[in-house]
Amino acid sequence: QKEVEQNSGPLSVPEGAIASLNCTYSDRGSQSFFWYRQYSGKSPELIMSIYSNGDKEDGRFTAQLNKASQYVSLLIRDSQPSDSATYLCAVNDNTDKLIFGTGTRLQVFP
Amino acid sequence: NAGVTQTPKFRILKIGQSMTLQCTQDMNHNYMYWYRQDPGMGLKLIYYSVGAGITDKGEVPNGYNVSRSTTEDFPLRLELAAPSQTSVYFCASSPAQGIYGYTFGSGTRLTVV
């Protein structure tokens, strides 16, 4: 059974701080990695994708991938209360579908 | 560009009733998926399709059926609704195998009473 693991949280950070969200996956053959943001009562929204080892930055978001450790993370700089949401990690292992983690709930307090 | 459109947004069913959840995408994506999400839980794959005429089961297919007669449409059929099918249902699409991620619809909140 291929798995994607995330800490359910909540992860609480003060406004302006860096939020660090982590995800591990079981299938060493996985090739594509995604982070989705899901606000309460809404559908998941793709915010980052990463395919190669290292860092990928997009605005305040940085995705980090370490295939040797089977670990992917999302850093949110200058966290804002509007970043409060559940963040889902998703992994593709060269099949036709993504495997989703259960998500980490992030709370950013003023 | 509407993306992925799901209807209805909300529905209450009585036990034993049937219904179809509609999903349409206008992005010419070959890959389409149906997920359910229970409160505080992750996404569970019900069925998926890699193209018109092709469907396959996910991890929780029991009690559901799908069809894919066109690239655009991927309806999900619930037969003999049960309280265990109370959930939020999301349809998603993707242009290719696992490369671009999914675009999700806004969801259908279903309650079976």
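Predicted model only: the values in this text are computed from it and were never measured.

Here is what the cut-offs are and how they apply
Residues numbered from 1 in each chain as written. Chains lettered and ligands numbered in written order. Predicted model: local features only at pLDDT ≥ 70, side-chain atom pairs only at ≥ 80, totals over all residues. Heavy atoms only, no water. Pairing = 2+ DSSP bridges. Helix = DSSP H or I, 4+ residues; strand = E, 2+ residues; numbered from the N terminus. Contact = heavy atoms within 4.5 Å. Buried area = accessible area lost by both parts, 1.4 Å probe. Salt bridge = Lys/Arg side-chain N within 4 Å of Asp/Glu carboxyl O. Polar contact = N/O pair within 3.5 Å; in protein donor to acceptor, adjacent residues only side chain to side chain. Nonpolar A, V, L, I, M, F, W, Y, C, P; charged D, E, K, R; others polar. Phe/Tyr/Trp six-rings, centres within 6.5 Å; stacked < 30°, edge-to-face > 60°. Buried < 20%, exposed > 50% of the residue type's maximum accessible area, 1.4 Å probe, protein only. Patch = residues over 30% accessible without salt bridge, like charges linked within 9 Å, V, L, I, M, F, W, Y side chains within 5 Å. Areas by Shrake-Rupley, 256 points an atom, 1.4 Å probe, with all protein chains shown as cover. Axes fitted to C-alpha atoms, helices over the stretch in contact; angles between N-to-C directions.

*Asks:* Sorry, what's going on with the sheet that holds strand β3 (residues 19–25) of chain A here?
*Replies:* Strand-to-strand pairing in sheets goes through backbone hydrogen bonds, with the strands running parallel or antiparallel. All names here are of chain A. In spatial order, the strands read β1-β3-β8-β7-β6; together these five strands make up an open sheet with antiparallel pairing. Each edge of the sheet is formed by a strand with only one pairing partner; in this case those strands are β1 (4–5) and β6 (54–58). Direction of pairing for β6 relative to strand β7 (residues 61–66): antiparallel, over a ladder of five bridges. Bridge assignment links Asp55 to a residue of β7, and that residue is Gln64.

*Asks:* Just to check I follow, could you spell out the interface of chain B and chain A for this structure?
*Replies:* It is common to give the size of an interface as the accessible area that goes away when the parts come together. Each partner contributes to the interface: chain B provides 20 residues, whereas chain A provides 20 residues. Here chain B meets chain A over a buried area of about 1,500 Å², counting both sides, of which 53% is carbon and sulfur. Across the contact surface, chain B and chain A share zero salt bridges. Counting across the chain B and chain A interface gives five residue pairs in polar contact (both at pLDDT 80 or more). Every element with two or more residues in the side of chain B that touches chain A is listed here: β4 (31–37) and β5 (43–51) of chain B. Of the residues belonging to the side of chain B that touches chain A, the class tally is twelve nonpolar, seven polar and one charged.

*Asks:* Explain the packing of aromatic side chains here, please?
*Replies:* Each aromatic ring pair is specified by the distance between its two centres and by the angle formed by the two planes. Counting across every chain of the model gives 15 aromatic pairs over all chains. Here the aromatic rings of Tyr102(B) and Phe104(B) are separated by 6.1 Å at their centres, their planes lie at 55°, and the arrangement is tilted. Taken as a pair, Tyr102(B) and Phe104(B) share a single burial class, namely buried. By way of ring pairs, the aromatic residues Tyr36(A), Phe100(A), Tyr33(B), Tyr35(B), Tyr48(B), Phe90(B), Tyr102(B) and Phe104(B) are connected into one cluster.

*Asks:* Teacher, can you tell me more about the pairing of strand β9 (residues 85–92) of chain A here?
*Replies:* Across a regular strand the side chains alternate sides, sitting on one face of the sheet and then on the other. All names here are of chain A. Most of β9 is tucked away: seven of the eight residues are buried. Where strand β4 (residues 32–38) and β9 come together, seven bridges link them in antiparallel fashion. Each bridged residue has a counterpart across the sheet, and for Arg37 the counterpart in β9 is Tyr87. Examined bridge by bridge, β9 and strand β11 (residues 104–109) share three bridges and lie antiparallel to one another.

*Asks:* Any chance you could explain the side chain of Ser49(B) here in plain terms?
*Replies:* All names here are of chain B. Turning to its location among the elements, Ser49 is positioned in strand β5. A distance of 2.7 Å separates a polar atom in the side chain of Ser49 from a polar atom in the side chain of Arg68. Excluding its chain neighbours within four sequence positions, the residues that come into contact with Ser49 are Asn30, Tyr31, Met32, Ile54, Thr55, Arg68 and Phe74.

*Asks:* Even after reading the chapter, I still don't get the pairing of strand β3 (residues 19–25) of chain B, so can you show me in this structure?
*Replies:* Residues and elements named next belong to chain B. Judged by which residues are buried, β3 turns out to be one-sided: Met19, Leu21, Cys23 and Gln25 face inward and are buried, whereas Thr20, Gln22 and Thr24, on the alternate face, are not. Here β3 runs beside strand β8 (residues 76–78); their pairing, made up of three bridges, is antiparallel. Bridge assignment links Thr20 to a residue of β8, and that residue is Arg77.

*Asks:* I tried to follow the pattern of salt bridges on my own but got confused; where do I start?
*Replies:* Oppositely charged side chains are able to pair whenever their charged atoms sit close together. All names here are of chain B. A full pass over the atoms with the stated rule returns five salt bridges over all chains. The shortest N-O distance in the salt bridge between Asp38 and Arg36 comes to 2.9 Å. A residue is classified by how much of its surface remains accessible, and Asp38, at 23% relative accessible area, is partly exposed. For Arg36, a relative accessible area of 11% corresponds to the buried category.

*Asks:* Looking at this structure, I do not really get a nonpolar patch on the surface. What am I missing?
*Replies:* Nonpolar side chains collect at one region of the surface, where Tyr51(A), Ile99(B) and Tyr100(B) lie side by side and expose about 300 Å² of accessible area between them. Its location among the elements puts Tyr51(A) in the loop between β5 (45–50) and β6.

*Asks:* Just checking my understanding: could you explain the sheet that holds strand β7 (residues 64–66) of chain B for this structure?
*Replies:* Residue and element names in this part refer to chain B. If you walk across this open sheet you meet the four strands as β1-β3-β8-β7, and the pairing is antiparallel. Sheet topology places β1 (4–7) and β7 at the edges, where each strand pairs with a single neighbour. Sheet twist, expressed as the mean angle between neighbouring strand axes with direction ignored, is 20°. Here β7 runs beside β8; their pairing, made up of three bridges, is antiparallel. The residue bridging Tyr64 from the neighbouring strand is Leu78, located in β8.

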